[in-house]
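Now for the letters of each chain:
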Amino acid sequence: MASTPSPRTAATTLQNSLLSSSSSSSINHNKPSNLSFLHASSNSSSLKLVHSVSASFSPSNSSSTICNVLKTVESADISFSNARDLDGVVSIPKPIILVSEKLGEAGLDLLRSFGNVDCSYDLSPQDLCAKISLCDALIVRSGTKVTRQVFEAAQGRLKVVGRAGVGIDNVDLQAATEFGCLVVNAPTANTIAAAEHGIALLTSMARNVAQADASMKAGKWLRSKYVGVSLVGKTLAVMGFGKVGSEVARRAKGLGMHVIAHDPYAPADRARAIGVDLVSFEQAIATADFVSLHMPLTPATKKVFNDDTFAKMKKGVRLINVARGGVIDEDALVRALDSGIVAQAALDVFTVEPPPKDSKLVQHENVTVTPHLGASTKEAQEGVAIEIAEAVVGALNGELSATAVNAPMVPPEVLSELAPYVVLAEKLGRLAVQLVTGGSGIQNVKVVYKSARDPDSLDTRLLRAMVTKGIIEPISDTIINLVNADFSSKQKGLRISEERVIVDSSPEYPVETIQVQISNVQSRFASALSENGNISIEGKVKYGVPHLTRVGSFSVDVSLEGNLILCKQVDQPGMIGQVGNILGESNVNVSFMSVGRTVRRKQAIMAIGVDEEPNKDTQKKIGEVSAIEEFVFLKL
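Every value quoted in this text rests on a predicted model; they were computed, and no experiment measured them.

Participant: What is the right way to look at the overall build of the protein in this model?
Facilitator: The secondary structure content of the protein amounts to 20 helices and 26 strands. Expressed as a percentage of its 636 residues, the buried residues of the protein come to 50%. Taking all contacts inside the protein whose residues are at least 6 apart in sequence as the whole, residues at least 24 apart take part in 66%. Carbon and sulfur atoms form 51% of the exposed surface of the protein, whose accessible area is close to 29200 Å².

Here it is as structure tokens:
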């Protein structure tokens, strides 16, 4: 005998039925719609009751199913928050929004005006999974882990997760997308607070405020010990010239400092407008008296400030970090402090938070520390609360938020055709950005598609988004997808144009080749420059696998798997063997190799796919081969 559903389950089933698409002949509530958050009915809606009998849910008999569910609810003596009116109309309950960590009152008020808000703090993972199946939205800060188990427990009802802040490391984005749940964050509200805290650390470090305060409270008077340094006329290197970095630069200029910055995306004209010079990474760290970090934590920036980096800095440099702890190798920083390369450091963030109580870095006498207070002002907290509340309400209304960090799933039939080209597009973007050097910043990108199909039948939005993803993500904390690709590129001053060229090939395949061009930049590998001076690389899909087919004016043919070494060389016998032997001696496995040339016995490019990253000694040996004019290692 089938068990009678509980009143809450019945109400949930009713709401899920109404919020799901009715285009299919049956509904499976355990499998969410690919665009389920777009179907959410956030306002109180109603349905007229009818009386008929049916066993399945379809466009023709959906009302009878609703009727049956309502009878179950009535028999359980349930009263909805919006009661039935005199015409026999039942209003759907407001969406339930679970807030699992403290949020500013202004944000809570906005949420309460739209839905039913459940503020349940300090939930265990088990408690969160138990509650989530009754919730339409979840708002978290950094303490709540929104894992795959949470999305599974939601059974498709959860439509949006809001992260009150920037980082989304605590949310399983892959699982969110699979379950049709939108994830939004609040990336702008704490900008000024973080910048102000950076300046506070800069000035207090320069004048030993924290150390002098501690000594006086210990009953000491040590005027001569805590002599500081002046900021006027000193050079500050801002590493990451985004929202926070640029605000720090403005304030440092007001203190009389000379400000330089490194950021591959920052437009030079925007930097010049506030009197900041954009320079290369190497120039920034070599010339700065103070270095302020505002870089995202990505695989490319993880521990980028290490022993090698500190060795290239001016002796006596001072370091400030209000960005991400992982960008600094903390053991290397301790060594740099002990040796005097780094005179002082002021840190608000750490690799592990909170750091161990016996941390040598925290306890170092030349280090000023605060417990991740960058966004901790009353104004910033209220701003974040309002920003995330607006994003969540918009998502429940079916709007695509500009702060979305994931996207709805692509329809299976489209994905099956575009899947290998999606991978190709992202890898070409990832390769292209690694070829850029210098401090001018990336501003103009052109994507050229060669296809036998009519342009009107080829939707390239997903491919353009993946090129954007490949270019931006390696050196940014921005998560790029179909929803936010155009917004994110514009926000970073990146102009992406597209061109479609019709070629005489089989229309069976959507794209013959994809070419990525970056203009007005310097290249780490000069041979990647085309005749018009742009970095240019091109690829195609062969046997379902993405291949690199052109670098600059040189034709190559190498699978885009693992990693890649590009060598420009004199076209002569034995080159493949020489480089192969060097890699073999270092136990670096070669997966593919291709040589392209323009004129026989003149110059050629050798493209080598490798499974492992060659160490510095191995790369040095390759560069010392007399016939090799230049080479570069690229991560895929």
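Participant: Where do I start with the pairing of strand E9 (residues 258–262) in this structure?
Facilitator: On a regular strand, each side chain points to the face opposite its neighbour's, so the side chains alternate between the two faces of the sheet. Of all five residues in E9, four are buried; the element is thus mostly enclosed. With five bridges connecting them, strand E8 (residues 235–239) and E9 associate as parallel partners. Within the sheet, the bridge partner assigned to Ala237 lies in E9 and is Ile260. Regarding topology, helix H9 (residues 243–254) serves as the crossover connection from E8 to the parallel E9, and that connection is right-handed.

Participant: Help me understand the pattern of salt bridges in this model?
Facilitator: A pair can form between side chains of opposite charge whenever their charged atoms are brought close. Applying the stated criterion across every chain, the model contains 21 salt bridges. Where Asp557 meets Lys542, a salt bridge forms, and the shortest distance between an N and an O atom there is 2.7 Å. Linking Asp557 in strand E22 (residues 554–559) with Lys542 in strand E20 (residues 535–542), this pair joins segments that are 15 residues apart in sequence. Owing to a relative accessible area of 25%, Lys542 belongs among the partly exposed residues under this scheme. Taken together, the shared-partner salt bridges in this structure form one network comprising Glu105, Asp109 and Arg112.

Participant: Would you mind showing me how to read the nonpolar core here?
Facilitator: As a rule of thumb, soluble globular proteins bury nonpolar side chains together. Val445, Ile514, Leu548 and Leu566 are the most contacted members of the largest nonpolar core, which totals 50 residues. Ranked by residues supplied to this core, first place goes to helix H16 (residues 412–434) with nine residues. Those residues in contact with Val445 that lie beyond four places of it in its chain are Ile471, Leu494, Arg495, Ile496, Ser497, Val516, Gln517 and Ile518. Listed in part, the 30 residues of the second largest apolar core include Val279, Ala284, Leu293 and Val304.

Participant: Even after reading the chapter, I still don't get the sheet that holds strand E25 (residues 603–610), so can you show me in this structure?
Facilitator: Strands belonging to one sheet form pairs held by backbone hydrogen bonds; the direction of such a pair is parallel or antiparallel. Taken in spatial order, the four strands of this open sheet run E24-E25-E23-E26, and their pairing is antiparallel. The outermost strands of the open sheet, each flanked by one partner alone, are strand E24 (590–597) and strand E26 (628–635). Here the average twist between neighbouring strands, direction ignored, is 15°. Where strand E23 (residues 563–570) meets E25, eight bridges bridge the pair, whose relative direction is antiparallel. Residue pairing for E25: Gln569 is matched across the bridge by Ala604. Strands E23, E24, E25 and E26 of the sheet are contacted by helix H19 (residues 575–585), whose axis makes an angle of about 30° with E25.

Participant: Honestly, the packing of helix H3 (residues 105–112) against helix H15 (residues 378–396) in this entry has me stumped. Any pointers?
Facilitator: Two numbers describe a pair of packed helices, the interaxial angle and the distance between the axes. Running from amino to carboxyl end, H3 crosses H15 at an angle of 20°, the nearest separation of the two axes being 7 Å. Accordingly, the angle class assigned to the pair H3 and H15 is roughly parallel. Relative to H15, H3 is oriented so that their crossing is right-handed. Taking contact as the criterion, the partners of Glu105, Ala106, Gly107, Leu110 and Leu111 in H3 are, on H15, Glu382, Ala385, Ile386, Ala389, Glu390, Val392 and Val393. Among the residues forming the contact of H3 with H15, the class breakdown is eight nonpolar, one polar and three charged.

Participant: What's the story with the sheet that holds E9 in this structure? I'm lost.
Facilitator: Pairing is parallel in the open sheet, where seven strands are placed in the order E10-E9-E8-E11-E12-E13-E14. Of all strands in the sheet, those with a lone pairing partner are strand E10 (277–278) and strand E14 (367–369), marking the two edges. Its contacts with the sheet place helix H13 (residues 330–339) against strand E12 (317–321), strand E13 (342–347) and E14, and it is angled at close to 140° to E13.

Participant: Got a minute to help me understand H3 in this structure?
Facilitator: The α-helix winds at 3.6 residues per turn, so residues separated by three or four positions along the chain end up facing the same way. Taken together, the buried positions of H3 are Gly107, Leu108 and Leu111. Considered in projection along H3, the buried side chains sweep an arc of 100° and stay on one side of the axis. On the buried face of H3, the contacting elements are strand E3 (96–99), strand E4 (116–119), strand E5 (137–140) and H15.

Participant: Help me understand the pairing of E8, please; the structure alone is not making it clear to me.
Facilitator: In terms of residue burial, E8 counts as a mostly covered element, since five of its five residues are buried. Taking every second residue as pointing to the same face, both faces of E8 are buried, with Thr235, Ala237 and Met239 on one and Leu236 and Val238 on the other. Relative to strand E11 (residues 290–293), E8 is paired through four bridges, and the arrangement is parallel. If you follow Ala237 over to E11, its bridge partner there is Val291.

Participant: Which parts of the structure should I look at to understand the environment of Val279?
Facilitator: Following the sequence through the fold, Val279 ends up in the loop between E10 and helix H11 (281–287). Considered as a pair, Val279 and Pro264 are 15 residues apart in the sequence and their alpha carbons are 9.3 Å apart. Residues contacting Val279, with those up to four places away along its chain left out, are Ile260, Ala261, His262, Ala284 and Gly439.

Criteria and cut-off values
Residues numbered from 1 in each chain as written. Predicted model: local features only at pLDDT ≥ 70, side-chain atom pairs only at ≥ 80, totals over all residues. Heavy atoms only, no water. Helix = DSSP H or I, 4+ residues; strand = E, 2+ residues; numbered from the N terminus. Buried < 20%, exposed > 50% of the residue type's maximum accessible area, 1.4 Å probe, protein only. Contact = heavy atoms within 4.5 Å. Areas by Shrake-Rupley, 256 points an atom, 1.4 Å probe, with all protein chains shown as cover. Pairing = 2+ DSSP bridges. Right-handed = clockwise from strand over helix to strand, strands pointing away. Salt bridge = Lys/Arg side-chain N within 4 Å of Asp/Glu carboxyl O. Core = buried A, V, L, I, M, F, W, Y, C linked by side-chain atoms within 4.5 Å. Axes fitted to C-alpha atoms, helices over the stretch in contact; angles between N-to-C directions. Parallel < 35°, antiparallel > 145°, perpendicular 65-115°, else oblique. Left-handed = near helix turned anticlockwise from the far one by under 90°. Nonpolar A, V, L, I, M, F, W, Y, C, P; charged D, E, K, R; others polar. Arc of directions from axis to C-beta.

Note that all results are geometric; they support no functional claim without further evidence.
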